[in-house]
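Residue-level structural notes
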Amino acid sequence: MNKREFLDLGKQPIANGFLYENEFDKEFFYDLKVAIDRDTHLITHVDYVKPELMFNDTYAYRGSMSLTMRKHFAELSESLKKTLPSKPKILEIGSNDGVFIKNWDKETTIAVEPCSNFAKETNDLGYKTYDGFWTTELAETILEENGKVDLVFAANCMCHIPDLDQTFSAVESILTDDGFFVFEDPSLSKMINENSFDQIYDEHPHIFSVIALKSFLERNGLVIVRVDNISVHGGSNRIWAQKEKAAKPDSSVEQNITHENIIGLNTFCTFDRFAENVEDCKTDLHRLLTRCVDQGKKVVSYGATSKSTTVFNYCGIGPDLIQYITDTTPEKQNKFSPGVHIPIVSPEGNFDDSVDIAFLGAWNFAKEIKKKEEVFINRGGKFITHVPVVRFV
Ligand code: JHZ
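Notes on the structure in this doc start here. All figures in this text were calculated on a predicted structure; none of them were measured in a lab.

**Focus on the overall build of the chain**
- A tally of regular secondary structure across the chain gives 12 helices and 17 strands.
- Against the globule reference of 21 Å for 393 residues, the chain gives a C-alpha radius of gyration of 21 Å, in line with a compact fold.
- In terms of principal-axis extent, the alpha carbons of the chain reach across some 65 × 50 × 40 Å.
- A burial count over the chain gives 58% of its 393 residues as buried.
- With an accessible surface of roughly 16500 Å², the chain has 49% of that area assigned to carbon and sulfur atoms.
- The distance from the centre of the 43 positive side-chain charges to the centre of the 60 negative ones in the chain is 5 Å.

Encoded structure:
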C-alpha cells in the first residue's frame with residue numbers, strides 16, 4: 001500500500017488486554033499511527049499489530065453483553081432468512097460468543113473463530129466452529145469438508161483483518177454462484193462526522209468507506225449490491241456483496257459513494273482536519289475531567305470498551321481522574337484497564353449513590369444505558385461523552 005500518515009494516537013496497549021497488577025511490567029505497547037492509502041483511499045494503520053496478540057484464548061469481548069446487539073442480530077437473522085433460499089447453508093467469520101449464530105440452525109451453520117475460548121463455547125453449544133484465523137488455507141479446508149455456502153456473514157470482523165485481498169478472495173471461493181457476502185463494520189463517514197476517533201485501536205486496522213471497499217472487493221471478484229447504514233456501534237455500514245455474474249447493485253451503493261465523495265472521504269485534507277479535531281478533543285476531555293475531580297466529584301467510567309483504551313491512553317486519563325470502570329463482562333471484572341490501569345469492577349455495588357459523574361466508555365449504547373440508569377440520572381448523576389464533542393449528557 002502507498003500510505004500517507006495523518007494521525008498519531010501515541011503509544012497504545014492491546015485494547016482488550018485487561019490485566020492483573022502483576023502483569024503491568026510486561027505489558028505490550030505499540031505506536032498507533034493512522035494513514036490513508038493513496039490508491040484505494042482505505043484508512044489503515046501504518047503498522048499492524050500481530051493478530052495472535054489480540055485474538056487468543058483470553059479474549060474478553062462478548063458481543064452478547066448488550067440487549068441492543070442481541071436484538072440487532074435476532075432481527076437481522078429474521079430478515080436474512082427472507083432473502084436467502086430455504087434451509088440456507090451459512091458461514092460466520094468471527095463468531096465470538098455466538099450472538100449471531102444462535103439465531104440459526106445448528107445443522108447448516110459453520111463458524112470460524114480464532115479466540116479459542118469462544119470457539120470452544122460455540123462448539124459446546126453444537127455449532128461447528130473452526131478454531132482459527134480466516135485464511136485461504138482454512139477456506140479450502142472448510143470447502144472440502146462442507147461445500148459452498150449461501151451466505152458468508154461477518155460482523156465487526158472484516159475491519160479486523162490486515163490482509164483484505166486474501167480475506168475477500170477466500171470468501172469469493174466459498175460462496176455459491178448466487179450467494180451473499182454480508183458484513184458490517186463501523187462506518188468511516190460516521191467516524192469523521194462524529195469525531196469518534198476511538199473507533200481506531202489495534203483490532204481495527206482499517207476503518208471502511210464504501211469507496212475503499214469497492215476497490216478491494218472488485219479486485220477479488222465481488223461486487224457491492226447494497227449498503228445499509230445502520231446505527232449500531234456508533235454508526236456502521238452493512239455491505240451486501242455478490243459474485244460479479246449474479247450482482248445487480250441497487251441505488252444505495254451509488255448513493256453512499258456520492259455522499260462519501262461529497263464529504264471528502266477521497267481527499268487528504270478531510271483527514272488532516274479530523275486529526276486537528278481529535279487533538280482538540282484530547283484537551284477538552286482532560287480539562288473537563290480535571291475540573292470535575294478538582295470540584296471533589298467522584299468520577300467513574302461506564303463500560304470498559306476497546307474504544308476507551310484509545311481515549312484514555314491518548315488523552316492521558318488514568319486513576320487520578322477516573323476512580324474505576326464498571327463493566328458487566330465477568331472476564332473484565334477485577335482486572336485493570338490496558339495501559340493506564342484503571343480498576344474494573346462489576347456495576348453491582350459500585351455504580352451506586354456515591355458516584356457523581358460517569359464517562360460513557362460505551363457511548364454507542366447511550367440510549368440503553370440511560371434507560372437502565374434512570375435512578376442515577378434522577379438523583380442528579382451526570383454522564384460525560386466526547387462524541388461528537390466533549391459534554392455532559
Ligand atoms: P462495545 C468491541 O469494541 C471490540 P468495544 C471489537 N473489536 C469490535 O469491533 C466492537 O466491539 C464491535 C459493557 N456494558 O460493544 C459491555 C456495560 O457494562 O461498545 C462491554 O464490555 N453495561 C470486537 O469494546 C462494553 O460495555 C451496559 O449496560 O468498544 C461495550 O463494549 C452495556 C450496554 C455495556 O465494544
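Back to the text.
**What to know about the site of the ligand**
- Taken together, 25 residues sit near the ligand, with E203, K307, D327, K332 and K372 positioned nearest.
- Measuring from an oxygen atom of the ligand, one finds a side-chain N or O atom of Y61 at 2.9 Å.
- Between an oxygen atom of the ligand and a side-chain N or O atom of K332, the distance comes to 2.7 Å.
- Contact with the protein chains covers 97% of the free accessible surface of the ligand, which is 730 Å².
- Those elements giving two or more residues to the shell around the ligand turn out to be helix 10 (306-315) and helix 11 (366-372).

**Topic: the sheet that holds strand 15 (residues 357-360)**
- The six strands are arranged 14-13-12-15-16-17 in an open sheet whose pairing can be described as mixed. Pairing within the sheet leaves two strands with one partner each, and these edge strands are strand 14 (344-345) and strand 17 (391-392).
- Sheet strands touched by helix 9 (residues 268-294): strand 12 (299-302), strand 15, strand 16 (382-385) and strand 17. Its angle to strand 16, the strand with the most contacts, is close to 155°.

**Description of helix 2 (residues 67-83)**
- Spanning 17 residues, helix 2 covers 25 Å between terminal C-alpha atoms, matching the ideal 24 Å at 1.5 Å per step.
- Of the positions making up helix 2, those classed as buried are M69, H72, F73, L76, S77 and L80. Mapping the buried residues of helix 2 onto a view down its axis gives an arc of 130°, with all of them on the same face. Turned more than 90 degrees away from the buried face of helix 2, the exposed residues are E75 and K82.
- The inward-facing, buried residues of helix 2 abut strand 7 (149-155), strand 8 (175-186), strand 10 (222-230) and strand 11 (236-243).

**Structural notes on empty space enclosed by the protein**
- All told, the structure shown has three cavities of 30 Å³ or more when counted by the stated rule.
- The computed volume of the largest cavity comes to approximately 50 Å³.
- Lining of the largest cavity is provided by F18, A304, T305, S308, T309, F312, N313, I325, S337, P338 and V340.

**Points about the layout of surface pockets**
- In this structure, the second largest pocket occupies an estimated 800 Å³ of space.
- In terms of lining residues, the second largest pocket is bounded by 30 residues, among which T68, N364, F365, K367 and E368 are the most central.
- If you tally residues by element for the lining of the second largest pocket, the top one is helix 2, at seven residues.

**Describing unusual backbone geometry**
- That bond from V387 to P388 is cis: its omega, 0°, falls within 30 degrees of zero.
- Within the secondary structure layout, P388 lies in the loop between strand 16 and strand 17.
- One non-glycine residue with positive phi stands out, namely H233, at about 50°.
- Residue position: H233 is located in the loop between strand 10 and strand 11.
- Even without being glycine, N334 reaches a positive phi, approximately 65°.
- Here N334 falls in the exposed class, since its relative accessible area comes to 60%.

What counts and how
- Residues numbered from 1 in each chain as written.
- Predicted model: local features only at pLDDT ≥ 70, side-chain atom pairs only at ≥ 80, totals over all residues.
- Heavy atoms only, no water.
- Helix = DSSP H or I, 4+ residues; strand = E, 2+ residues; numbered from the N terminus.
- Rg over C-alpha atoms; globule rule 2.2 N^0.38 Å.
- Buried < 20%, exposed > 50% of the residue type's maximum accessible area, 1.4 Å probe, protein only.
- Areas by Shrake-Rupley, 256 points an atom, 1.4 Å probe, with all protein chains shown as cover.
- Lys, Arg positive; Asp, Glu negative; His and termini not counted.
- Charge placed at Lys NZ, Arg CZ, Asp CG, Glu CD.
- Near = heavy atom within 4 Å.
- Polar contact = N/O pair within 3.5 Å; in protein donor to acceptor, adjacent residues only side chain to side chain.
- Pairing = 2+ DSSP bridges.
- Contact = heavy atoms within 4.5 Å.
- Axes fitted to C-alpha atoms, helices over the stretch in contact; angles between N-to-C directions.
- Expected span 1.5 Å × (residues − 1).
- Arc of directions from axis to C-beta.
- 1 Å grid on protein atoms, 1.4 Å probe; cavity = no way out; pocket = protein on both sides within 12 Å on 5 of 7 lines; lining within 4 Å.
- Points joined across faces, edges and corners; volume = space filled by probe spheres on them.

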